[in-house]
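Below, each chain spelled out in residue letters.
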Amino acid sequence: MKLKFFKIYFFVFLNLLFLSFNPTFTYAASYTNFVYARIETSGVYLYRNANSADLNNAYFELPKSYFVLLVSNIDNEFYKAQYKDIVGYVKKSEVSPVAEKPKKPYPDEVKFWTYSSDGTEIVTSTFESNNPQGVGTVAVMQELNYYGLMIGDEILKDRGYLWLYCKTENASGYLYAGLCNVSKNFKENDEVVTKISEPYLDGDDSFLYNLVSLSPALKIILVLLVTLPCFLLVYLLLKPFNIKVKAKDKPALKPQENKRRKVKNRTINKIQKIIDDEEI
């Protein structure tokens, strides 16, 4: 009984451990277990909100083959996502969630600057029709971090329709790329990753979701704490039943053995009687 019981316990214990370490489940994520999504094509944008996929609602174009960090599942069309330190929204049809945390989610850090005093004002929109407002300025040759390019109006003839999204300590917005020295030609990320279809994101609270986000040592401890008391209780409940079954099934003595025992008992009684008579 004991051996059989512990075999069953060991089997269940190993299966729970297998589930907690299985790659099929270990993409379950929150900010402890990150879920990234690959940008599959050109023309994929990070949007300000999940109301529309119009260019007027976009921050900038995301670089093909790199990644965004998925934050939450909004609806059937959008994920809430983060690119570097910018939080926005991406269309589900334009990105592919992956099981692993990529080694290089973003392009190498690129700096750019404006080389003309005519291009130092940061504005809120790249389209004149949106009545862009100035929200700050940068100095000529001031180094800025590159985030992405955005299509807009051509404000200088033959200088193009591209604008650069930028951030400073006091403002964020766009600078006209025609007066800056940046190139958008990044080397594509050829990192091999495993695509998944339905990632667990913020709000998922299943047992496996929480289990896989733990460290390996904590997973083992948790499985022990969950399974051991349950199986011990079952064992203690079944043990009295097992004792009764054994007592009931205990074979009776054979007739010959029973006769020998009776003779032995009579002999002992006679000897004891003789001893008692002598003492009297």
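Structure shown above.
Just so you know, these numbers come straight off a predicted model, no measurement behind them. (Residues numbered from 1 in each chain as written. Predicted model: local features only at pLDDT ≥ 70, side-chain atom pairs only at ≥ 80, totals over all residues. Heavy atoms only, no water.)

Caption draft 1: Summary view of the pattern of salt bridges. Per the stated rule, a full pass over the model turns up four salt bridges. Between Lys64 and Glu188 there is a salt bridge whose closest N-O contact spans 3.7 Å. With Lys64 in the loop between strand S3 (58-61) and strand S4 (67-73) and Glu188 in the loop between strand S14 (172-176) and helix H2 (207-212), this pair connects stretches of sequence that are 124 residues apart. Here Lys64 falls in the partly exposed class, since its relative accessible area comes to 35%. With relative accessibility at 45%, the residue Glu188 sits in the partly exposed group. When the shortest N-O distance is used, the salt bridge between Asp108 and Lys104 registers 3.1 Å. Given a relative accessible area of 52%, Asp108 falls into the exposed group. (Salt bridge = Lys/Arg side-chain N within 4 Å of Asp/Glu carboxyl O. Helix = DSSP H or I, 4+ residues; strand = E, 2+ residues; numbered from the N terminus. Buried < 20%, exposed > 50% of the residue type's maximum accessible area, 1.4 Å probe, protein only.)

Caption draft 2: Molecular detail of the environment of Leu69. Mapped onto the elements, Leu69 comes out in strand S4. When the C-alpha atoms of Leu69 and Pro97 are compared, they prove to be 9.1 Å apart, with 28 residues separating the residues in sequence.

Caption draft 3: Geometry of the packing of aromatic side chains. Applying the stated rule across the entire model yields 11 aromatic pairs. Each ring, one from Tyr59 and one from Phe60, has its centre 6.3 Å from the other, and the planes form 50 degrees; the classification is tilted. Relative accessible area serves as the criterion here: at 15%, Tyr59 is assigned to the buried category. Residue classification places Phe60 among the buried residues on the basis of a relative accessible area of 0%. (Phe/Tyr/Trp six-rings, centres within 6.5 Å; stacked < 30°, edge-to-face > 60°.)

Caption draft 4: Looking closely at the side chain of Lys91. Positionally, Lys91 belongs in strand S6 (residues 86-91). One buried charged side chain, Lys91, makes no salt bridge at all; its nearest oppositely charged neighbour is Glu77, positioned 4.0 Å away. (Lys, Arg positive; Asp, Glu negative; His and termini not counted.)

Caption draft 5: Layout of the pairing of S14. The buried fraction of S14 amounts to four of the five residues, a majority that puts the element mostly inside the structure. Pairing of strand S13 (residues 162-167) with S14, which is carried by five bridges, proceeds in the antiparallel orientation. When the sheet's bridge partners are listed, Trp163 is paired in S14 with Tyr176. In this structure, the hairpin formed by S13 and S14 is closed by a connection of four residues. (Pairing = 2+ DSSP bridges.)

Caption draft 6: Seen up close, the nonpolar core. Among the nonpolar cores identified, the biggest contains 38 residues, and Leu46, Phe60, Leu62, Val68, Leu70 and Val90 are the most heavily contacted of them. For this core, the secondary structure elements donating two or more residues are strand S1 (36-39), strand S2 (45-47), S3, S4, strand S5 (78-83), S6, S13 and S14. Counting 12 residues, the second largest nonpolar core, distinct from the first, contains Phe112, Leu164, Cys166 and Ala177. (Core = buried A, V, L, I, M, F, W, Y, C linked by side-chain atoms within 4.5 Å.)

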